[in-house]
Amino acid sequence: MSSGLQNPAAEKLEGGALPVNSALPVNPDFTVISVDAMGGDRGPAAVVAGLGLSAAKHPDVRFILHGDSATLTQLVSAQPGLSGRVTVVHAERIVTMNDKPSQVMRHGAGTSMWSTIDAVKSGEAQAAVSCGNTGALMAVSMLRLRKIAGVNRPAIACLWPSRNPGGFNLMLDVGAGIEAEAEDLLQFAAMGASYARNGLALSRPRVGLLNVGTEEHKGRAELKIAHDRMVEAADAGGFEFVGFVEGGDIPGDRVDVIVTDGFTGNIALKTGEGTAKLISDFLREAFGAGILSKFAVLLALNSLKRLQRRIDPRRVNGGVFLGLNGTVVKSHGSADETGVAAAIGLAIQLARTGFVERLAARVASTGKQAADQTAAENGARA
């Protein structure tokens, strides 16, 4: 195949793959998470190490691990906390970072990513986690899980360090699509509010619509239409709409959920990541400039450690695909074991709350109110 979908275990398979772990018993008391072990930049070792960290924190969780069975069986056996808690499902091929989503949709069956999503589709697992190609993961997820009824476009939601008491804000979309119409932005608001209730424990999240200014007359036409519809749909959506917000509000305490299109959101996300790394590099250079600077580090060590923990991107690793009939968490491709464990922990939290069912109900309620409002407006014009 010309797409680049890889089969790293081809030589092992010719002689027969190693036997996989026996299937986990079906138990409604267990939360089961499906994990793609082959998609990350650091390889399956980092994924299995993250699995071990997560397993230690969540003793009632079981895992289905997808990838080369020979490699994974060896890695899992080296993690004592995973004994009896992991089913390894063999997958012959890998989706690479260079594979196009369209190619994966046509030829992705048999890859670890496809198998990971299918475990959620079949009901074997309550959520899926992958460090792989974002576009391909969204394409496979949409193909296998399908969109929730009433959702036009899925969205990717990410957590952003903020001044809010909980420490984070939520922003969506950050890259599932490029454009978004007014109706899409309204659905993003409903989905983001549902996520904030289940993932951030906020009973009535504050939702803001990202714009170039807070004044109601500013922005593109679809933003103004979405603004008015969010005002009308806030009660049905279970959120408080604060109006337009600006880029400076993304890490602020004025809002809990920031709604935007995927083009703007992805640029904001990558800009934030780049700025955080720049500040980290500047601090490292400043404190390593001389003997006095190094002595200052010792005096400020506790404060610096607190700052590092607060802004550590690994703690919030995991973008959630919203609007699908299943929970899918996209881990950063370069995530280490700490980042992988954070993504798995987020998947566990959402799976335990019945997140997808609650999100679907909220989207349906918001959509009905919006449709009623549109019908009323059309009737008034008639």
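Everything in this summary refers to the structure shown in the same document. (Residues numbered from 1 in each chain as written. Predicted model: local features only at pLDDT ≥ 70, side-chain atom pairs only at ≥ 80, totals over all residues. Heavy atoms only, no water.)

Per the secondary structure count, the chain includes 13 helices and 11 strands. Evaluated residue by residue, the chain yields a buried proportion of 49% over its 382 residues. Restricting to contacts in the chain with at least 6 residues of sequence separation, those with at least 24 account for 74%. Roughly 17,800 Å² of accessible area belongs to the chain as shown, and the carbon and sulfur atoms make up 55% of that amount. (Helix = DSSP H or I, 4+ residues; strand = E, 2+ residues; numbered from the N terminus. Buried < 20%, exposed > 50% of the residue type's maximum accessible area, 1.4 Å probe, protein only. Contact = heavy atoms within 4.5 Å. Areas by Shrake-Rupley, 256 points an atom, 1.4 Å probe, with all protein chains shown as cover.)

The next point concerns the pairing of strand β2 (residues 61-67). Most of β2 is tucked away: seven of the seven residues are buried. Residues Val-61, Phe-63, Leu-65 and Gly-67 of β2 are buried on one face, and the alternating residues Arg-62, Ile-64 and His-66, pointing to the opposite face, are buried as well. As defined by bridge partners, strand β1 (residues 31-36) adjoins β2 across six bridges and the pair is classed as parallel. Each bridged residue has a counterpart across the sheet, and for Val-35 the counterpart in β2 is Leu-65. Of the crossover connections in this fold, the one passing from β1 over helix α2 (residues 44-57) to the parallel β2 is right-handed. The parallel pair β2 and strand β3 (residues 86-90) is bridged by helix α3 (residues 69-77), and the resulting crossover is right-handed. (Pairing = 2+ DSSP bridges. Right-handed = clockwise from strand over helix to strand, strands pointing away.)

Tallying each qualifying case throughout the model produces 10 salt bridges. Note that Glu-215 is salt-bridged to Lys-218, the shortest N-O span being 3.4 Å. With relative accessibility at 35%, the residue Glu-215 sits in the partly exposed group. According to the relative accessible area criterion, Lys-218 is partly exposed, its value standing at 31%. Because the salt bridges share partners, they merge into one network encompassing Arg-220, Glu-222 and Asp-261. (Salt bridge = Lys/Arg side-chain N within 4 Å of Asp/Glu carboxyl O.)

Looking now at the packing of helix α7 (residues 182-199) against helix α12 (residues 337-352). Orientation of α7 relative to α12, taken along the N-to-C sense of each, is 95 degrees, at an axis distance of 9 Å. Relative to α12, the element α7 lies roughly perpendicular. On α12, the residues that touch Tyr-195, Asn-198 and Gly-199 of α7 are Leu-346, Gln-349 and Leu-350. Across the contact of α7 with α12, the residue classes tally to three nonpolar, three polar and no charged. (Axes fitted to C-alpha atoms, helices over the stretch in contact; angles between N-to-C directions. Parallel < 35°, antiparallel > 145°, perpendicular 65-115°, else oblique. Nonpolar A, V, L, I, M, F, W, Y, C, P; charged D, E, K, R; others polar.)

Along the polypeptide, His-227 turns up in helix α8 (residues 221-237). Once residues within four sequence positions are removed from consideration, His-227 is found in contact with Leu-209, Glu-216, Phe-241, Gly-243 and Phe-244.

Bringing the environment of Thr-116 into the picture now. Relative to the assigned elements, Thr-116 resides in helix α5 (residues 112-121). You can call Thr-116 buried: its relative accessible area is 1%. Thr-116 has contacts with Ser-34, Val-35, Asp-36, His-66, Ala-128 and Val-129, leaving out every residue within four places of it along the chain.

Inside soluble globular proteins, nonpolar side chains tend to come together where they are buried. With 66 residues, the main nonpolar core has Ile-33, Leu-65, Tyr-195 and Val-259 as its most contacted residues. Take this core: its biggest share by element is nine residues, from α7. When near neighbours in sequence (up to four residues on either side) are disregarded, Leu-65 contacts Val-35, Ala-37, Val-47, Val-48, Leu-51, Leu-72, Val-76, Val-86, Thr-87, Val-88 and Val-89. With 32 residues, the next largest nonpolar core counts Ala-125, Ile-156, Trp-160 and Val-328 among its residues. (Core = buried A, V, L, I, M, F, W, Y, C linked by side-chain atoms within 4.5 Å.)

Our next topic: the packing of aromatic side chains. For the structure on display, the rule yields one aromatic pair. The ring of Phe-30 carries Arg-62 above its face, with NZ or CZ at 3.9 Å from the centroid. (Phe/Tyr/Trp six-rings, centres within 6.5 Å; stacked < 30°, edge-to-face > 60°. Lys NZ or Arg CZ within 6 Å of the ring centre and 35° of its normal.)

Locating Ser-115 in the fold gives a position in helix α5. Overall, the relative accessible area of 18% leaves Ser-115 in the buried class. Not counting residues up to four positions away in its chain, the partners in contact with Ser-115 are His-66 and Val-89.

These figures come from the coordinates and say nothing about function on their own.
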